[in-house]
Amino acid sequence: MIQVSKRKSRQGGNELPEAVAVEQDDLLSDGSQVGGLSPGSSGELVTPDGTKWRARQRNADLRIVKRLIAKPGVPFVVGAAGGFHRSVIAPEDRARVWAELRPSFEGPGVKKPPAEWVTYTATWFVNDAGDELIYLEEHC
């Protein structure tokens, strides 16, 4: 079931609507932590269905991010609070959430640095079956 929550911007301004399938903390499915590191730092991510993902490319280029978000079958995950609170974005909300986060994206391919103090970087993940996942992690 898809839930819609609102998350206040750290700047105290607008609320960012965020469609969430599942909220996930920093624990792996077996209950262990990935060395206390976020998925962007550790290079490992486990989705709520138990699929283990490994980083294919950290600090992914803007073109890669846009391509993967546009592919409906590729999971899109946003990590708030430095990546420790993750939300799987619902397919129907991908374009809207990306449009809201895009001005804060910081990575290769960005011509103008974000004006926001909260920024997002991307990690491109793959699993053993070769499936892809795009992960945006909040930094402040």
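Note that the structure is predicted; figures quoted are calculated from it, not measured.

Draft legend 1. Local environment of the overall build of the chain. The helix and strand inventory of the chain stands at three helices and nine strands. Taken from the N to the C terminus, the helices and strands of the chain come in the order β-β-β-α-β-β-α-β-β-α-β-β. Here the chain, with 140 residues, has 43% of them falling under the buried criterion. Residue pairs at least 24 apart in sequence account for 56% of intrachain contacts in the chain once pairs closer than 6 positions are excluded. Working note: accessible area of the chain is about 7500 Å², and carbon and sulfur atoms make up 52% of it.

Draft legend 2. Up close: the pairing of strand β8 (residues 119-126). When you tally the buried positions in β8, you get seven out of eight residues, the bulk of the element. Where strand β5 (residues 52-58) lies against β8, four bridges are found, and the strand directions are antiparallel. Each bridged residue has a counterpart across the sheet, and for Q57 the counterpart in β8 is W124. Alignment of β8 against strand β9 (residues 132-139), held across eight bridges, turns out to be antiparallel. For V126, the partnering residue across the bridge sits in β9 and is E132. Taken together, β8 and the strand that follows it, β9, pair antiparallel across an intervening segment of five residues, in which G130 is found at a positive phi of about 90 degrees.

So, how was this worked out
- Residues numbered from 1 in each chain as written.
- Predicted model: local features only at pLDDT ≥ 70, side-chain atom pairs only at ≥ 80, totals over all residues.
- Heavy atoms only, no water.
- Helix = DSSP H or I, 4+ residues; strand = E, 2+ residues; numbered from the N terminus.
- Buried < 20%, exposed > 50% of the residue type's maximum accessible area, 1.4 Å probe, protein only.
- Contact = heavy atoms within 4.5 Å.
- Areas by Shrake-Rupley, 256 points an atom, 1.4 Å probe, with all protein chains shown as cover.
- Pairing = 2+ DSSP bridges.

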